[in-house]
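Residue-level structure breakdown
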Amino acid sequence: MRKFFISAIFSILPTLALAADLSIPDRLELVSHDREVTFIGGVGYTFLRAEEIVYDPAGNRISALFWESETPVLTGSLHARFAGPWTLAASATVGLSGKSRMEDYDWLDAAPSYAFNDWSDRSVHPDTELNHYFTGDIALGRDFEIRDSLTLNLHGGFKYTDVKWTAFGGSFVYSEDGFRDDIGNFRDSERGISYQQKFPGVFLGAEATARHKGWTFSLQARGGLNFKVEDEDHHWTRDLRFEGDFGTLPFVSLSGRVDYNLTKNANLFVAGSFEQHFDKVGDMRIYKISSGAPVGALQDGGGLEFRAVTISGGFKMKF
């Protein structure tokens, strides 16, 4: 999976050039334009999925939680071009509400094995709330003109992603006196588990922009490294808070946009993006929620992963 996304990054730019039937010259030329500020605003829909894993000291997976959301989002970005080839861009996506779901699986003493389908306990929570979703970045770049109709922007910057859910109510199948013998439901309003992931990171990227008559086509690929990645899990009914520390882990993002010129300074666009933060194992600390007192710690006791797919549309204005 990871090799696929890495290879996709390096294949995107030549693919765009081929699609535009353009040959890339041996020497790139710096683009020199007047100062320009562009605002891009839109609405869209995002599909989120996060995985939360717990391991025992032997490295066996004993718990897995899967959090999913389909949520409308607001998107916005500012792109500033200085007098010369340098650019500064900032963008953000904010989730509004939407439909969410969580499933929680455990492999405890009654489980025949640690295979996924041999879980001993499972709970399903269709009444899950997306408390918040935010992802944003800022990047400094430099434009290179490959041909009159094709520009390459090389850039680097900082990115931050933060997502949190809370699960209420739901149903369960537990192994109490036998295998999957206890079946029931939680109270509809009962708060079960809250879960949050935080991904601060740095990245390098490239964006190719091709223009043809009134149309503009853009493809962007970025790869980076998250640092000080953290997650936090509140098991409210058990009065336990789990904090995970995952250090660094890689991420990639791929995006594309098609613009149509309404006027010289106004465009309409449709866009799509994919963001993947790869799985990582880290240390876990456990505390009492009520008192904050430490309960224990597990080395290499937690795992996480996150991905987001967004489609959007809106307008672009130049000033």
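Residues numbered from 1 in each chain as written. Predicted model: local features only at pLDDT ≥ 70, side-chain atom pairs only at ≥ 80, totals over all residues. Heavy atoms only, no water.

This next bit is on the overall build of the protein chain. Looking only at helices and strands, the protein chain features one helix and 14 strands. Counting across all 319 residues of the protein chain, residues that qualify as buried make up 46%. Taking all contacts inside the protein chain whose residues are at least 6 apart in sequence as the whole, residues at least 24 apart take part in 71%. (Helix = DSSP H or I, 4+ residues; strand = E, 2+ residues; numbered from the N terminus. Buried < 20%, exposed > 50% of the residue type's maximum accessible area, 1.4 Å probe, protein only. Contact = heavy atoms within 4.5 Å.)

Relative to the elements of secondary structure, threonine 87 occurs in strand 4 (residues 86-95). For threonine 87, the side chain forms a polar contact with the side chain of asparagine 153, separated by 3.1 Å. If sequence neighbours within four positions are ignored, threonine 87 has contacts with His79, Ala80, Arg81, Phe82, Ala139, Leu140, Gly141, Arg142, Asp143 and Asn153. (Polar contact = N/O pair within 3.5 Å; in protein donor to acceptor, adjacent residues only side chain to side chain.)

What follows covers the packing of aromatic side chains. In this structure the tally under the stated criterion is 16 aromatic pairs. Ring centres of phenylalanine 172 and tyrosine 174 lie 4.7 Å apart, and the angle between their planes is 25°; on these two criteria the pair is classed as stacked. By relative accessible area, phenylalanine 172 is classed as buried at 13%. On the basis of relative accessible area, tyrosine 174 is assigned to the partly exposed category, the value being 23%. Ring plane angle 50° and centroid distance 5.0 Å describe the contact between phenylalanine 172 and phenylalanine 186, whose orientation is recorded as tilted. Linking phenylalanine 172 in strand 8 (residues 171-174) with phenylalanine 186 in the loop between strand 9 (182-185) and strand 10 (191-212), this pair joins segments that are 14 residues apart in sequence. Classification of phenylalanine 186 as partly exposed rests on a relative accessible area of 24%. In this structure, arginine 191 packs its charged tip against the face of tryptophan 236, placed 3.5 Å from the ring centre. (Phe/Tyr/Trp six-rings, centres within 6.5 Å; stacked < 30°, edge-to-face > 60°. Lys NZ or Arg CZ within 6 Å of the ring centre and 35° of its normal.)

A contiguous nonpolar surface patch, about 960 Å² in accessible area, is contributed by Val37, Phe39, Leu78, Trp215, Phe217, Tyr260, Leu262, Leu268, Phe315 and Phe319. Counting only elements with at least two residues in the nonpolar patch, the list comes to strand 2 (36-55) and strand 11 (215-235). Relative to the helices and strands, leucine 262 resides in the loop between strand 12 (240-261) and strand 13 (266-288). (Patch = residues over 30% accessible without salt bridge, like charges linked within 9 Å, V, L, I, M, F, W, Y side chains within 5 Å. Areas by Shrake-Rupley, 256 points an atom, 1.4 Å probe, with all protein chains shown as cover. Salt bridge = Lys/Arg side-chain N within 4 Å of Asp/Glu carboxyl O.)

Per-residue pLDDT for the protein chain has a mean of 90; in total, 89% of the residues score no lower than 70. When the criterion is pLDDT under 50, residues 1-32 qualifies, and its contacts beyond four places in sequence or with other chains add up to 54 contacts. (pLDDT = per-residue confidence, 0-100.)

Moving on, we come to the nonpolar core. One finds Leu48, Trp67, Tyr133, Val163, Trp165 and Phe306 to be the most contacted residues of the largest nonpolar core, which totals 19 residues. Discounting residues that sit within four places of it in the chain, tyrosine 133 has contacts with Thr46, Leu48, Thr93, Val94, Gly95, Thr161, Asp162, Val163, Glu275, Phe306 and Ala308. With eight residues, the next largest nonpolar core counts Ile53, Tyr105, Trp107 and Ala111 among its residues. (Core = buried A, V, L, I, M, F, W, Y, C linked by side-chain atoms within 4.5 Å.)

The next subject is the environment of glycine 223. Along the polypeptide, glycine 223 turns up in strand 11. We classify glycine 223 as partly exposed; its relative accessible area is 28%. Each C-alpha atom of the pair glycine 223 and glutamine 276 lies 9.8 Å from the other, and the pair is 53 residues apart in sequence.

This model, assessed by the stated rule, comprises 12 salt bridges. A salt bridge links glutamate 103 to arginine 101, with the shortest nitrogen-to-oxygen separation between them at 2.9 Å. As a salt-bridge pair, arginine 285 and glutamate 243 come within 3.3 Å of each other at their nearest N and O atoms. Here the residue arginine 285 occupies a position in strand 13, and glutamate 243 occupies one in strand 12, the gap between them amounting to 42 residues. Judged by its relative accessible area of 31%, arginine 285 falls in the partly exposed class. Since its relative accessible area comes to 17%, glutamate 243 is described here as buried. A single network of salt bridges, built from pairs that share partners, joins Arg49, Glu51 and Glu68.

Turning next to the pairing of strand 13. Where strand 12 meets strand 13, 17 bridges bridge the pair, whose relative direction is antiparallel. Bridging across to strand 13, serine 255 finds its partner in serine 273. Here strand 12 hands over to strand 13 after four residues, the two strands then running antiparallel side by side. As paired strands, strand 13 and strand 14 (residues 294-318) are joined by 19 bridges and run antiparallel to one another. Within strand 14, the residue paired with phenylalanine 274 across the bridge is valine 309. Turn length for the strand 13-strand 14 hairpin, with the two strands adjacent in sequence and antiparallel, is five residues, and the turn residue glycine 292 shows positive phi of about 80°. (Pairing = 2+ DSSP bridges.)

Now for the side chain of aspartate 143. By secondary structure assignment, the location of aspartate 143 is in strand 6 (residues 121-147). A polar atom in the side chain of aspartate 143 sits 2.7 Å from the side chain of asparagine 153.

Below, the discussion takes up the environment of leucine 254. Inspection of the secondary structure assignment puts leucine 254 in strand 12. Of the residues examined, leucine 254 reaches a relative accessible area of 17% and is grouped as buried. When the C-alpha atoms of leucine 254 and glutamate 275 are compared, they prove to be 6.6 Å apart, with 21 residues separating the residues in sequence.

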